[in-house]
Amino acid sequence: MPTVDDILEHIGEFNFFQKQTFFLLALLSAAFTPIYVGIVFLAFTPDHRCLSPGVAELSRRCGWSLAEELNYTAPGPGAAGEAECRTQGRREPIHWLFLREKPLKARNIRGVPWFNLVCASSWMLDLFQSAVNVGFFIGSVGIGYIADRFGRKLCLLVTILINAASGLLLAVSPNYTWVLIFRLIQGLVSKAGWLIGYILITEFVGLSYRRTVGIVYQVAFTVGLLALVGVAYVLPHWRWLQLTVSLPNVFFLLYYWCIPESPRWLISQNKNAKAMRIIKHIAKKNGKSLPTSLQSLRPDEEADEKLNPSFLDLVRTPQIRKHTLILMYNWFTSSVLYQGLIMHMGLAGSNFYLDFFYSALVEFPAALLIILTIDRLGRRYPWAASNMVAGVASVFIPNDLQWLRVTVACLGRMGITMAYEMVCLVNAELYPTFIRNLGVLVCSSMCDIGGIITPFLVYRLTDVWHELPLLVFAVIGLVAGVLVLLLPETKGKALPETIDEAENMQRPRKNKEKVIYLQVKKVDNPLN
């Protein structure tokens, strides 16, 4: 029986339908950016200092300037978690104020004036970001199961609807509590929707285009980073910024009429008639004809049984269990190194918007390197090398030469960006269709765990020794690179449809016979 890949060879592996669908889903990928990294703009903290009445009085009597006052006093933890200042041996409870040596521009104030998230309340900013990562984790597992159980399209539309509603409500939230609630809801659906879009596009295209669209889909996220900088610069007020970045999700609801269900998923659920209608629709869009011999489909080995996904399927068999554990660790590593290197190094220079813009540009060469190497060297070796480069760059960052420091930091950023894009690509290629979405979302949930603990990992270990976080990053990066070499090579292989195919990916396969399907027109001749 022909597979979906066989059919796509005849009706178009990346023709008009696939290009249109890819463009629509790439917009979805770019729109995910404000949720993932938007905190740097939504919760920007302007220059400020904690205000102590005792310090102010002492400064008045001594005639201190502002610089002297800041130099002679130091903030420290006070009783009951309140911030205090030590002033010549005394401790004074403190509040906060903005530093206004110059007139304070509106561009420098975002979340702080409304919620006062500084000094004793600064931990609430960490909670704001942790909430979205907790949502990522829960949503990845739960919605991943639903997408494999009830379909890609349904879950994609539901996540878009909830994301749009929660984003708009967040923009008009009256207080911090409601902001936190809607931010958590956004986390529950947004990342899952992004990954469902990734799964959909890889299932719509043919084998020879699958890796390219997977990488460029992630490049669309980088384009979103660049667009976010411009929008944030033009709209400094956090509410207008949140409203603007949430509006595209409303228009994404029109995808109900533009994007069909995945025929691969329908076949795995034994819904052959619906799958064939969609395949004929794709053929019509691409201007191709579907041979009669290809108009009958069923799964290769499990035709008569509807396949329902289960979490146990991810660990039930030995090879898939190994894949799951290695992929989970690599998702975790990618998240910790990607966010941790940025937190530890900081952004050089004084212009916040330009710094963010330049750091995003580094991700384009990473994508280009993947495209140039992935078909020549395969998946495993570039992936393993990128993890190791990121790990080594974490250790060897010299402090004396600024240009060398920046160069090594860029190499580390490129390396971990490549690893991030590779793990997403290979993850989808190692699981059979009926648990593919579940496998990607469950494994990727480990990057949410990494996102939750990375701030604590960086800042707490830095208190022990400034270079200790970098040493930890180096170790986990090198270990991730070694583990990648234990995975099977997926270069040039069709997506597995069954458990048996996924289990046998490590074994060498016999060359598949090339089957040519011919459409024969039958002509009825009347008997003389």
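Please read these numbers as outputs of a predicted model, since none were measured by experiment. (Residues numbered from 1 in each chain as written. Predicted model: local features only at pLDDT ≥ 70, side-chain atom pairs only at ≥ 80, totals over all residues. Heavy atoms only, no water.)

A. Representation of the environment of L486 in the model. Summarising the element assignment, L486 is placed in the loop between α21 (468-484) and α22 (499-503). Measuring from C-alpha to C-alpha, the distance between L486 and K322 comes to 8.8 Å, with 164 residues separating the pair along the chain. (Helix = DSSP H or I, 4+ residues; strand = E, 2+ residues; numbered from the N terminus.)

B. Structural view of the confidence of the model for the protein chain. Taken as a whole, the protein chain shows an average pLDDT of 77; of its residues, 72% reach a score of 70 or greater. Mean pLDDT values over the elements of the protein chain span from 39, in strand β3 (residues 83-87), up to 94, in helix α2 (residues 16-31). Predicted confidence for residues 75-114 stays below pLDDT 50, and this span has 111 contacts to residues more than four positions away or in other chains. Within the model, the stretch residues 299-304 combines pLDDT values under 50 with 13 contacts to residues more than four positions away or in other chains. (pLDDT = per-residue confidence, 0-100. Contact = heavy atoms within 4.5 Å.)

C. Representation of the packing of helix α18 (residues 380-395) against α21 in the model. The geometry of α18 relative to α21 is characterised by a closest axis approach of 7 Å and an angle of 165° between their N-to-C directions. Taken together, the axis directions place α18 and α21 in an arrangement best described as roughly antiparallel. For the pair α18 and α21, the sense of crossing is left-handed. Of the residues in α21, those in contact with R380, W383, A384, N387, M388, G391, V392, S394 and V395 of α18 are L470, F473, A474, G477, L478, A480, G481, V482 and V484. Of the residues that constitute the contact of α18 with α21, the class distribution is 12 nonpolar, five polar and one charged. (Axes fitted to C-alpha atoms, helices over the stretch in contact; angles between N-to-C directions. Parallel < 35°, antiparallel > 145°, perpendicular 65-115°, else oblique. Left-handed = near helix turned anticlockwise from the far one by under 90°. Nonpolar A, V, L, I, M, F, W, Y, C, P; charged D, E, K, R; others polar.)

D. Expanded view of the packing of aromatic side chains. Applying the stated criterion to the full structure yields 17 aromatic pairs. Between W194 and Y198, the ring centres sit 6.3 Å apart and the planes meet at 20°, which makes this aromatic pair stacked. In this pair, W194 and Y198 are both assigned in helix α10 (residues 176-204), four residues apart and thus about one turn of the helix distant. Neither residue differs from the other here; W194 and Y198 are each classed as buried. With a centroid separation of 5.3 Å and 35° between ring planes, the pair formed by F252 and Y255 is classed as tilted. With relative accessibility at 5%, the residue Y255 sits in the buried group. Here the aromatic residues F32, Y36, F136, W194, Y198, Y217 and F221 are joined through ring pairs into a cluster of three or more. Across the ring face of Y256, the terminal group of K153 is positioned such that the distance to the ring centre comes to 4.8 Å. Above the face of the Y381 ring, R380 is positioned so that its terminal group lies 5.4 Å from the ring centre. (Phe/Tyr/Trp six-rings, centres within 6.5 Å; stacked < 30°, edge-to-face > 60°. Buried < 20%, exposed > 50% of the residue type's maximum accessible area, 1.4 Å probe, protein only. Lys NZ or Arg CZ within 6 Å of the ring centre and 35° of its normal.)

E. Structural view of unusual backbone geometry. The phi angle at N270 is positive, at roughly 65°, despite the residue not being glycine. Within the secondary structure layout, N270 lies in the loop between α13 (263-268) and α14 (272-285). The exposure class assigned to N270 is partly exposed, which follows from its relative accessible area of 34%.

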